[in-house]
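So you can see what is in the structure, the chains are spelled out below.
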Amino acid sequence: TTLTLTTLTTRTGTTTVQNTAGPVLFVLTEYYATDDCTGDVVEQEYHAGGCIYFGTYANFVCNPDGSVTISHHKDVYDACTSTPTKSTTHDPTQCTRSEWGAYQRFSCVEKEALYYHYYAAADCSSSSYYGKWLEPLGCQAKGEIQEGQVVESNSEWIDLSGSEVTYSFYNTLDCTGPAETLTDDVG
């Protein structure tokens, strides 16, 4: 497997982008407009397994039986080592209502991904490192649901070819039809 390490300059510093050496295990949350999680997947969120910071920490765990456990931790400095303030386990066949009114289903999937490493300084020094994010390659539904209705049907396709990352944006939920594209040469 070939690793490509690249640098993108941003207004607030620098981001390095690196493709992963193999598939990454993600917790996938799929959102639906229907209360039985049937029909179109309107939005997809991918979270790499492990502890992620969202103002507080959330720990995403793929269990051996295929279920997903998400625990929330109040202390923002502990990186998911404290006793969880809330913990839920979701069976992949279970359809539940989200906090914002859509219906959701959780599962674990492996996908090739890009690592984005964020730095406050343009020299990417370790002292200016402030976080990383993994983004899966391929198609993701990025629509929006309000009060049980689909109000936006969008999707995004991310592709890495050589030293180019291409982002394609669609007005459909499944990455079909005409697209607006943005390509970054990161070689």
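Our subject is the structure listed above.
A brief look at the structure comes next. Note that the structure is a prediction, hence the values are computed from the model and not measured.

1. Observations regarding the overall build of the protein chain
The number of helices and strands found in the protein chain is zero helices and 18 strands. Taking as baseline every contact in the protein chain between residues at least 6 positions apart, the subset at least 24 positions apart corresponds to 39%. Within the structure as shown, the protein chain displays about 10,400 Å² of accessible surface, and the carbon and sulfur contribution to it stands at 49%.

2. Brief notes about the sheet that holds strand β5 (residues 50-53)
Pairing is antiparallel in the open sheet, where four strands are placed in the order β5-β6-β7-β8. Each end of this open sheet is capped by a strand with a single partner; those strands are β5 and β8 (86-90). Averaged over all adjacent pairs, the angle separating strand axes in this sheet is 20°, with direction ignored. With six bridges connecting them, strand β6 (residues 57-62) and strand β7 (residues 68-73) associate as antiparallel partners. Note on β7: the bridge partner recorded for Phe60 is Ile70.

3. Topic: the sheet that holds strand β18 (residues 179-185)
Adjacent strands of a sheet form backbone hydrogen bonds with each other and so pair up, either parallel or antiparallel. Strand order across the open sheet formed by four strands is β13-β16-β17-β18, with antiparallel pairing between neighbours. Of all strands in the sheet, those bounded by a partner on one side alone are β13 (138-141) and β18. Strand after strand, the sheet turns through a mean of 15° between neighbouring axes, direction not considered. Across four bridges, β13 lies against strand β16 (residues 155-161) in antiparallel orientation.

4. Some words on the environment of His90
Mapped onto the elements, His90 comes out in strand β8. The spacing of His90 and Asn63 is 27 residues in sequence and 9.9 Å in space, taken between C-alpha atoms. At 3.1 Å, the side chain of His90 and the side chain of Thr88 are in polar contact.

5. With respect to the state of the cysteines
This model, assessed by the stated rule, comprises four disulfides. The side chain of Cys51 participates in a disulfide bridge whose partner is Cys80; the two sulfur atoms lie 2.0 Å from each other. Because the torsion about its S-S bond is 80°, the bridge between Cys51 and Cys80 counts as right-handed. Highlighted residues: Cys51 in strand β5 and Cys80 in the loop between β7 and β8, separated in sequence by 29 residues. When its relative accessible area of 14% is taken as the criterion, Cys80 is described as buried. Between Cys139 and Cys175 runs a disulfide, and the two sulfur atoms are separated by 2.1 Å. Disulfide Cys139-Cys175: torsion about the S-S bond near 95°, hence right-handed. Of the two residues, Cys139 sits in strand β13 while Cys175 sits in the loop between β17 (164-170) and β18, which places them 36 residues apart along the sequence.

6. Examining the environment of Leu137
With respect to the helices, strands and loops of the structure, Leu137 is situated in the loop between β12 (129-136) and β13. The spacing of Leu137 and Ala113 is 24 residues in sequence and 5.2 Å in space, taken between C-alpha atoms. Apart from the residues within four sequence positions on either side, Leu137 is in contact with Lys111, Glu112, Ala113, Leu114, Ile158, Asp159 and Leu160.

7. A closer look at the environment of Trp100
Among the structural elements, Trp100 can be located in the loop between β9 (96-97) and β10 (103-111). Residue Trp100 is classed as partly exposed on the basis of its relative accessible area, which comes to 42%. For the pair formed by Trp100 and Ile145, sequence separation is 45 residues and the distance between their alpha carbons is 9.1 Å. Residues in contact with Trp100, not counting those within four places in the same chain, are Tyr31, Glu43 and Ile145.

Calculation notes
Residues numbered from 1 in each chain as written. Predicted model: local features only at pLDDT ≥ 70, side-chain atom pairs only at ≥ 80, totals over all residues. Heavy atoms only, no water. Helix = DSSP H or I, 4+ residues; strand = E, 2+ residues; numbered from the N terminus. Contact = heavy atoms within 4.5 Å. Areas by Shrake-Rupley, 256 points an atom, 1.4 Å probe, with all protein chains shown as cover. Pairing = 2+ DSSP bridges. Axes fitted to C-alpha atoms, helices over the stretch in contact; angles between N-to-C directions. Polar contact = N/O pair within 3.5 Å; in protein donor to acceptor, adjacent residues only side chain to side chain. Disulfide = S-S within 2.5 Å. Buried < 20%, exposed > 50% of the residue type's maximum accessible area, 1.4 Å probe, protein only.

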